[in-house]
Amino acid sequence: MGCRRALFESLLAIAAILLIFLIYLMVSGYAFTTTETRATVKWDAPGNGTIYHLLACEDGTLRALMDGRISAISSDGSILWYVDVPDRWWMGSRYFEPAADVGPDGTLYVYLRANVTRAAMERGMPYAYAGEYYVDMDEHNKRLMDAYKGTEFAYSLDERVLAISRSGKMLWSLPLATGLYDADICVRNGTVYVYHGQHETAIDENGGIIWDVGDVGAAPAVDDEGYVYSLVPINGSRTNGRVLTGIVQAYYPNGTAWWRHDVGELAYLQPIQGWEGHMPLYDHGTLYLALSSGVAALDRTGSVKWLKHYNSSTALFELGPFDGEGNVYLRCFDGAMTLNEGAVLWDTYYPVDGSRLIILRPDGAELASVASSTVYTYAKDGIAYRVDPVPGGRNLTELGSAVLTAMDLKGNRTLWSYNFTPGEISMAMLNMSNVKGLFLEGDVWSAQWFNGMNARGFNVTPRSVSGNVGIKVVQGRDVTYVGFWTYCYDSPAIYNVSSVAYSGGLYAFNRAGDLLWSRPIDAQIGSMYEKDGAIYYSTGSGRLAAAQVDIVTGLAIAAAMYLFIRFIMVGAISRARGVINKNDNRNAILKYIVENPGSTMYEISRSLGLNKGTVRYHLFILGINHRIAVQRADKKFVRYFPNSNSYSDEEQMLMALLRRESIRRVMEALMKRPGLSNVELSRELGMPESAMSKHMKELCSRGIVDKRRMPGGVSYHIKEELRGLIARALDQSGQ
């Protein structure tokens, strides 16, 4: 009888939780239908032009760089402030990724490029580029930059770094010319590092130049400690500094020379997603140089770790040269022409057909070699995404579709695939203001060309139907986001004559490829940025939105409401109090917490062999009877302590942190050897520098560790007043 009653109560509990959860979903904006799951839209706001770049700040706000404006956007989508940029400068275009970064305090640093067309007009220099019938301003500026690059006129242009505080106040601007070459900005330990015009300049937070070095051939690598690693260029009229020597020059954070090493071969800049204009590349504590037929790996001290050569031209994988384990991805162009001093990789077309992907371990040993003639659209952490478009029909409303396939490159296997088909179809009349939001780049250029012909007296009219399909992918930690866009139009595309039919959506998939949710979009997606389970994205119509599904919160609310009803309203709490010490499982859980303070529910469940529902129930009973205390310091796990005033709040926080193995090892190392740097800790504990930087940042923000500047870098020390507490916490957590 008792078993039946327990089973009935369990089923009733599940039904109650699901019912409350469904109510939560409806109230919070979710909708479930047979064809679509809509995400919770955190916010959706109109923009003020094309957004070229999104940056996320640590306080949850965004910085949006768009045509002529920099905007700060709050976590609810409202505009906090904006700064208009005069048209004598620009920040980015569809050809140039903006050079920008955000400091830990929320200060935005952005490089303002000169509007070459306007400058040439003002100085009476040639500014109309002979060639096509019509090009837009992005294309026009790009062509003029290529024409004037490296000239006296180029170096005389007013280009500068602008600093804007988190409140929108312009702090300073510093003139730094590029000569119309690439620019790059990164912030490390309060110092702003700017690459411009074959120079690297370090700037303090007040806009003062700390040091400047020249003869820098590409945007250098800057590690977490502020050490800089650059490549010396080959200067000359043929190469224009774009082909690089194999000479690596390293600098201390104070700008003095550290070491110099020549690998004995030329290095080459390559169009690598996320690393545009950078060489060498820095990953997992290793420097990588792309050679004409191989790759060189150096450690931070300039010693060659390994050097790989092949019998044909190679390039670091254009979409993702490294994964989270430090493996290196290399594309080998079998039978392709060999690079030489006069060839620049991004100006040379390499046929993917017949190429193969080679995957190297961090020690240079070959992990896999995969025949891969596939053109991927996106890759991250060893997973690549292939798009197979399916053309539309001959009518406007017969839109195309596409199949997206996720591939595990190391295992050379398909993980999942999904067939994207048009949803609700919208119609519009094509014009100059909507063409970039509705058309992919190639079709935009075609529309501009034909309309430019008509502006010069031709009479081009639509004669057929054309279309296209686009896919944009961003892979987060647990979710992959995909923007799908499809359209057909009267071709050739003539403004105010051609009709356009279009459809699209934003989709979210889990790691297995299951669709989590989708929502429609009114224009193709431009920028996408994922952070903490939310996706921030802009569309060609100028809108900026954020979406996510917070199922965990919904379930937590549902469970909490059920427990409230079950125990408070029904009166089961009073019954539980009467038998608080008469349940073997409850006593075992309390005993475990006393012996293992700071344990999580999952650790208790695993160690005692009890299911999580049982543990959760008894933890609740112990909590409301004040037998245990709850600690949520690390924002990820709920940890439990005996509630007998054995541990102060500070000790509970420390012990919760020390339950994390990596943090524990860091604290033990600093207790034994105060003053270690990030690099020294990383090397001693065998952790990636990026992971170590996150740990140190967390420990500093919690007030546990002090960061002290020293010649050549930064050292870390546990605060003296906490050393006794930490020693006790280490001892307790290790028992």
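Structure's up top.
Please read these numbers as outputs of a predicted model, since none were measured by experiment.

S.K.: Can you walk me through the overall build of the protein in this structure?
M.R.: Of the regular secondary structure elements, the protein holds 16 helices and 47 strands. Burial analysis of the protein (735 residues in total) assigns 52% to the buried set. Counted over contacts in the protein with a minimum sequence separation of 6, partners at least 24 positions apart contribute 54%. When the accessible surface of the protein is totalled, it reaches about 33500 Å², and 51% of it is carbon and sulfur.

S.K.: What am I meant to see in the sheet that holds strand β16 (residues 209–214) here?
M.R.: Think of a sheet as strands paired side by side through backbone hydrogen bonds, with each pair either parallel or antiparallel. Spatially, four strands are ordered β13-β14-β15-β16 in an open sheet, and the strand pairing comes out antiparallel. Bordering the open sheet on either side are β13 (183–188) and β16, each of which pairs with just one other strand. On average, each strand axis in the sheet is inclined to that of its neighbour by 15°, with strand direction left out of account. Of the strand pairs in this sheet, β13 and strand β14 (residues 191–196) are connected by six bridges, and their pairing is antiparallel. Among the inter-strand pairings, A183 is bridged to a residue of β14, identified as H196.

S.K.: Looking at this model, I keep getting lost on the sheet that holds strand β28 (residues 356–360). Mind explaining?
M.R.: Judged by pairing direction, the sheet is antiparallel, and its four strands sit side by side in the order β26-β27-β28-β29 without closing on themselves. Here the strands that pair on one side only, and so sit at the sheet edges, are β26 (313–316) and β29 (366–371). Strand-to-strand twist across the sheet, computed as the mean angle between neighbouring axes with direction ignored, equals 25°. The sheet contact formed by β28 and β29 spans five bridges and is antiparallel. Paired with L357 across the strands is V370, a residue of β29.

S.K.: When you look at the pattern of salt bridges in this model, what are you seeing that I'm missing?
M.R.: Per the stated rule, a full pass over the model turns up 19 salt bridges. The closest approach of N and O atoms between R118 and D87, which form a salt bridge, is 2.1 Å. Remark: D87 occurs in the loop between β7 (79–84) and β8 (89–90) and R118 occurs in helix α2 (residues 116–122); sequence separation between them is 31 residues. On the basis of relative accessible area, R118 is assigned to the partly exposed category, the value being 32%. A salt bridge links R113 to E159, with the shortest nitrogen-to-oxygen separation between them at 3.4 Å. In this pair, R113 sits in strand β10 (residues 108–114) while E159 sits in the loop between α4 (152–155) and β11 (160–164), placing the two residues 46 residues apart along the sequence. By relative accessible area, R113 is classed as buried at 6%. Salt bridges sharing common partners tie together D87, R118 and E122.

S.K.: For this particular structure, what's the right way to read the packing of aromatic side chains?
M.R.: Centre distance and the angle of the planes are the two values used to describe a pair of aromatic rings. Using the criterion set out here, one finds 32 aromatic pairs in the structure. On the basis of an interplanar angle of 25° and a centroid distance of 6.4 Å, the ring pair of W211 and Y251 is categorised as stacked. Placement of the pair is W211 in strand β16 and Y251 in strand β19 (residues 243–251), with a sequence separation of 40 residues. Each member of the pair, W211 together with Y251, is buried. On the basis of an interplanar angle of 85° and a centroid distance of 5.9 Å, the ring pair of F420 and F509 is categorised as edge-to-face. Residue F420 is found in strand β33 (residues 413–420), and its partner F509 is found in strand β37 (residues 499–509); the two are separated by 89 residues along the sequence. The residues F420 and F509 share a single accessibility class, namely buried. Lying across the ring of W89, R88 places its NZ or CZ 4.9 Å from the centre.

S.K.: Looking at this structure, I do not really get the packing of helix α10 (residues 601–608) against helix α11 (residues 612–624). What am I missing?
M.R.: Any two packed helices are characterised by how steeply their axes cross, that is the angle between the axes, and by the distance between the axes. Closest axis-to-axis distance for the α10/α11 pair is 9 Å, and the angle between their directions is 120°. As the angle between them shows, α10 and α11 are arranged oblique. α10 and α11 meet at a crossing whose hand is right-handed. For the pair formed by α10 and α11, the contact residues are M601, Y602, I604 and S605 on the first element and K612, V615, R616 and L619 on the second.

S.K.: What should I look at first to understand the nonpolar core in this one?
M.R.: Side chains of nonpolar character tend, in soluble globular proteins, to be buried together. Residues M279, L289, L298 and L316 are the most contacted members of the largest nonpolar core, which totals 34 residues. Those elements that place two or more of their residues in this core are β18 (228–233), β19, β22 (281–283), β23 (286–291), β24 (294–298), β27 (328–333) and β28. No other element matches β23, which puts five residues into this core.

S.K.: Would you take a moment to explain α11 for this structure?
M.R.: For an α-helix, 3.6 residues make a turn, and residues three or four places apart therefore share a direction. Its 13 residues give α11 an end-to-end C-alpha distance of 18 Å, which sits within 8% of 18 Å, the value for a rise of 1.5 Å per residue. All of the buried residues in α11 are V615, H618, L619, I621 and L622. Buried residues along α11 cover an arc of 160° about the axis, so they all sit on one side. N-capping of α11 is provided by N611, with a side-chain oxygen placed 2.7 Å from the backbone N of T614.

S.K.: Sorry if this is basic, but what is going on with empty space enclosed by the protein here?
M.R.: To locate leftover empty space, one rolls a probe as large as a water molecule over the atoms. Going through the model one piece at a time under the given rule, you end up with one cavity of 30 Å³ or more. Surrounding the largest cavity, F317, G320, F322, Y329, A379, K380, D381, G382, I383 and L409 form its lining. For the lining of the largest cavity, the class distribution of residues is six nonpolar, two polar and two charged.

S.K.: How should the environment of G255 be read in this particular structure?
M.R.: Examined against the element boundaries, G255 turns out to sit in the loop between β19 and β20 (257–262). When its relative accessible area of 15% is taken as the criterion, G255 is described as buried. Taking the C-alpha atoms as reference, G255 lies 8.0 Å from I210; in sequence the two are 45 residues apart. Apart from residues no more than four positions distant in its own chain, G255 is found in contact with W211 and V213.

S.K.: For this particular structure, what's the right way to read the pairing of strand β40 (residues 534–539)?
M.R.: A regular strand places its side chains on the two faces of the sheet in alternate fashion. Burial of β40 is extensive: six of the six residues sit out of reach of the surface. Alternating residues of β40 divide into A534, Y536 and S538 and I535, Y537 and T539, and every residue in both groups is buried. Looking at chain direction, strand β39 (residues 525–531) and β40 are connected through five bridges and run antiparallel. When the bridges of β40 are listed, K531 appears paired with A534.

S.K.: Mind showing me how you'd approach unusual backbone geometry here?
M.R.: It is generally the case that most residues other than glycine have a negative phi and that most peptide bonds are trans. A cis geometry characterises the amide bond from M279 onward to P280, with omega recorded as 5°. By the element assignment, P280 lies in the loop between β21 (267–268) and β22. A positive phi angle, near 50°, is found at N189, a position not held by glycine. Relative to the assigned elements, N189 resides in the loop between β13 and β14. In this structure N189 comes out as partly exposed when scored by relative accessible area, which is 22%. Positive phi values are uncommon outside glycine, yet H284 reaches one of about 50°. Mapped onto the fold, H284 is located in the loop between β22 and β23. Relative accessible area serves as the criterion here: at 33%, H284 is assigned to the partly exposed category.

Calculation notes
Residues numbered from 1 in each chain as written. Predicted model: local features only at pLDDT ≥ 70, side-chain atom pairs only at ≥ 80, totals over all residues. Heavy atoms only, no water. Helix = DSSP H or I, 4+ residues; strand = E, 2+ residues; numbered from the N terminus. Buried < 20%, exposed > 50% of the residue type's maximum accessible area, 1.4 Å probe, protein only. Contact = heavy atoms within 4.5 Å. Areas by Shrake-Rupley, 256 points an atom, 1.4 Å probe, with all protein chains shown as cover. Pairing = 2+ DSSP bridges. Axes fitted to C-alpha atoms, helices over the stretch in contact; angles between N-to-C directions. Salt bridge = Lys/Arg side-chain N within 4 Å of Asp/Glu carboxyl O. Phe/Tyr/Trp six-rings, centres within 6.5 Å; stacked < 30°, edge-to-face > 60°. Lys NZ or Arg CZ within 6 Å of the ring centre and 35° of its normal. Parallel < 35°, antiparallel > 145°, perpendicular 65-115°, else oblique. Left-handed = near helix turned anticlockwise from the far one by under 90°. Core = buried A, V, L, I, M, F, W, Y, C linked by side-chain atoms within 4.5 Å. Expected span 1.5 Å × (residues − 1). Arc of directions from axis to C-beta. Polar contact = N/O pair within 3.5 Å; in protein donor to acceptor, adjacent residues only side chain to side chain. 1 Å grid on protein atoms, 1.4 Å probe; cavity = no way out; pocket = protein on both sides within 12 Å on 5 of 7 lines; lining within 4 Å. Points joined across faces, edges and corners; volume = space filled by probe spheres on them. Nonpolar A, V, L, I, M, F, W, Y, C, P; charged D, E, K, R; others polar.

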